[in-house]
Amino acid sequence: MKVNFTSLIAAALLATPTVADELVSPNVSYTSVTELSVSEPYTTFTYGDDPLQFVEHWPALNADAMAPLIVFIHGGCWLNAYDIAHTRPAAQALAQAGYEVASIEYRRTGDEGGGWPGTFKDVFQALLVTLTRPPLQASEREVVVMGHSAGGHLAILAGQALAKEVDHVVGLAAITDLTTYAAGESGCEQAAASFMASAAAADWQQADPAQQEFSVAITLLQGTADSIVPPQQAEALADQAEIVTVQDAGHFDWVHPHSPAWQRLLQTLEQLTL
């Protein structure tokens, strides 16, 4: 790996909860994530003219110029009701663990230009700009494209589209079988149908990971207690991805830096970027 691994491990230990900051119980709520505080500074850069087309850059705590780059895509059922803010604690924690982090905001269903294919085009363009932007350019870095929930769906598609520049895709409770998911009756499942409302029939194959073959390496992390994205979604890519299952983890554990699932995520990232 092209990093000072000793520094990376030291930084990760700093980010690990202490006795005074114990791990929370599994299956955390969305509210518990939004109540987390953020103290580390970040900067932003744009990849388009729309106010929603920006990336937040969180420098690695160890200031290693070759630290692995994580390009993070937040979830929220592709809806504009859920923005980048709820994943800032996760982005900060990743930076504290020694990773360079670029977290993407994008137009979503309900925004002008959002939905399919506009949302995917935003994420692709943001990833392209990020990978070619000093000092984030990926010529000598390990690059991980990581997304949560609907962001995991977008991460898989965007990572494959730039497979030559991306080393790994990590899906956290990722939606991988879009066709099946959009046929469901839950709020997020109905949002999937809304996301594809303007799509032509041929677009479904392009938008649905379960209908594609991938050359990029994919790892899917899935909790058994997830009531929003069930384990069957990860299993839809079982023949093309490594699946890491965490017992009792819920949907939002993957973006809560004090959850047991988060510790498993850090372990997985360490293994991927060796």
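The model shown is predicted, which means the values in this text are computed figures rather than measured ones.

1. Some points on the overall build of the protein
Point 1. For the protein, the count of helices and strands is ten helices and eight strands.
Point 2. Computed over the C-alpha atoms, the radius of gyration of the protein is 17 Å, within 12% of the 19 Å expected from 2.2 N^0.38 for a compact globule of 274 residues.
Point 3. With the C-alpha coordinates aligned to their principal axes, the bounding extent of the protein is approximately 50 × 40 × 35 Å.
Point 4. A buried classification covers 54% of the 274 residues belonging to the protein.
Point 5. A separation threshold of at least 6 residues defines the contact pool for the protein, and within that pool the share at least 24 residues apart is 74%.
Point 6. On the protein, roughly 11,300 Å² of surface is accessible, and the fraction owed to carbon and sulfur atoms is 50%.

2. Structural notes on the sheet that holds strand 5 (residues 143–148)
Point 1. Spatially, eight strands are ordered 1-2-4-3-5-6-7-8 in an open sheet, and the strand pairing comes out mixed. Edge positions in the open sheet fall to strand 1 (43–46) and strand 8 (242–246), since each of these has one partner strand only. Pairs of neighbouring strands in the sheet enclose a mean axial angle of 20°, with direction left out of account.
Point 2. Here strand 2 (residues 54–58) pairs with strand 4 (residues 100–104) via four bridges, running antiparallel.

3. Focus on unusual backbone geometry
Point 1. Cis geometry is adopted by the peptide bond preceding Pro117, which originates at Trp116 and carries an omega value of 5°.
Point 2. With respect to the helices and strands, Pro117 occurs in the loop between strand 4 and helix 4 (118–131).
Point 3. For the bond running from Pro134 to Pro135, omega is 0°, close enough to zero to count as cis.
Point 4. Secondary-structure assignment places Pro135 in the loop between helix 4 and strand 5.
Point 5. A positive phi angle, close to 65°, is found at Asn27, a residue other than glycine.
Point 6. Secondary-structure assignment places Asn27 in the loop between helix 1 (5–15) and helix 2 (30–34).
Point 7. The class of Asn27 is partly exposed, set by a relative accessible area of 43%.
Point 8. Backbone geometry places Asp248, a non-glycine residue, at a positive phi of 70°.
Point 9. For Asp248, the position within the fold is in the loop between strand 8 and helix 10 (260–272).

4. What to know about the packing of aromatic side chains
Point 1. By the definition in use, this model includes seven aromatic pairs.
Point 2. Three or more aromatic residues joined by ring pairs form one cluster here, namely Trp78, Trp116, Phe120, Phe124 and Phe195.
Point 3. The residue whose ring lies beneath Arg108 is Tyr106, and the NZ or CZ to ring-centre distance is 5.8 Å.

5. Considerations on the environment of Ala174
Point 1. With respect to the element layout, Ala174 can be found in the loop between strand 6 (168–172) and helix 6 (178–182).
Point 2. A residue is classified by how much of its surface remains accessible, and Ala174, at 4% relative accessible area, is buried.
Point 3. Sequence spacing of Ala174 and Ala150 is 24 residues, and the spatial spacing of their C-alpha atoms is 6.3 Å.

6. Concerning the environment of Ala150
Point 1. Secondary-structure assignment places Ala150 in helix 5 (residues 150–161).
Point 2. Distance in space between the C-alpha atoms of Ala150 and Trp78 is 5.9 Å, their sequence separation being 72 residues.
Point 3. If near-sequence neighbours (up to four positions away) are discounted, Ala150 is found in contact with Gly75, Gly76, Cys77, Trp78 and Ile175.

7. Describing the pairing of strand 3 (residues 69–73)
Point 1. Judged by how many residues are buried, strand 3 sits mostly within the fold: five of five residues are covered.
Point 2. Neither face of strand 3 is exposed, since Leu69, Val71 and Ile73 on one face and Ile70 and Phe72 on the opposite face are all buried.
Point 3. In this sheet, strand 4 lies alongside strand 3 in parallel orientation, the contact comprising five bridges. Directly across from Leu69, in strand 4, lies its bridge partner Glu100.
Point 4. Where the polypeptide runs from strand 3 across helix 3 (residues 88–96) and back to strand 4, its parallel neighbour, the crossover connection is right-handed.
Point 5. In the sheet, strand 3 pairs with strand 5 via five bridges, with the strands oriented parallel.

So, how was this worked out
- Sequence order sets the numbering: in each chain, residues are counted from 1 along the sequence as written.
- With pLDDT at 70 or above as the cut-off, local features in this predicted model cover only qualifying residues; side-chain atom pairs require 80 or more to be listed or tallied, and sums for whole chains, interfaces and linings still use all residues.
- Hydrogens and water molecules were not included; the side-chain quantities draw on all heavy atoms of the structure.
- Every helix listed is a DSSP run of H or I at least four residues long, and every strand listed is a run of E at least two residues long, numbered separately from the N terminus.
- To get the radius of gyration, use the C-alpha atoms; to get the globule rule, take the number of residues to the power 0.38 and multiply by 2.2 Å.
- Relative accessibility thresholds used throughout: buried, under 20% of the residue-type maximum; exposed, over 50%; partly exposed, between the two (1.4 Å probe, protein chains only).
- We call two residues in contact when some of their heavy atoms are within 4.5 Å.
- The accessible surface values rely on the Shrake-Rupley method and a 1.4 Å probe; as for residues, cover is taken only from the protein chains in view.
- Strands are treated as partners if at least two bridges between them are detected by DSSP.
- Here an axis means a line fitted to C-alpha atoms, over the contact stretch when the element is a helix, while the angle between two N-to-C directions is reported on a 0 to 180 degree scale.
- Two rings from Phe, Tyr or Trp (for Trp, the six-membered ring) form a pair when their centres sit within 6.5 Å of each other. Planes less than 30 degrees apart are called stacked, planes more than 60 degrees apart edge-to-face, and all others tilted.
- Ring-over charges, as used throughout, are those where CZ of Arg or NZ of Lys falls within 6 Å of the ring centre and within 35 degrees of the ring normal.
- A right-handed crossover is one whose linking path, passing over the helix from the first strand to the second, runs clockwise when the strands point away from the viewer.

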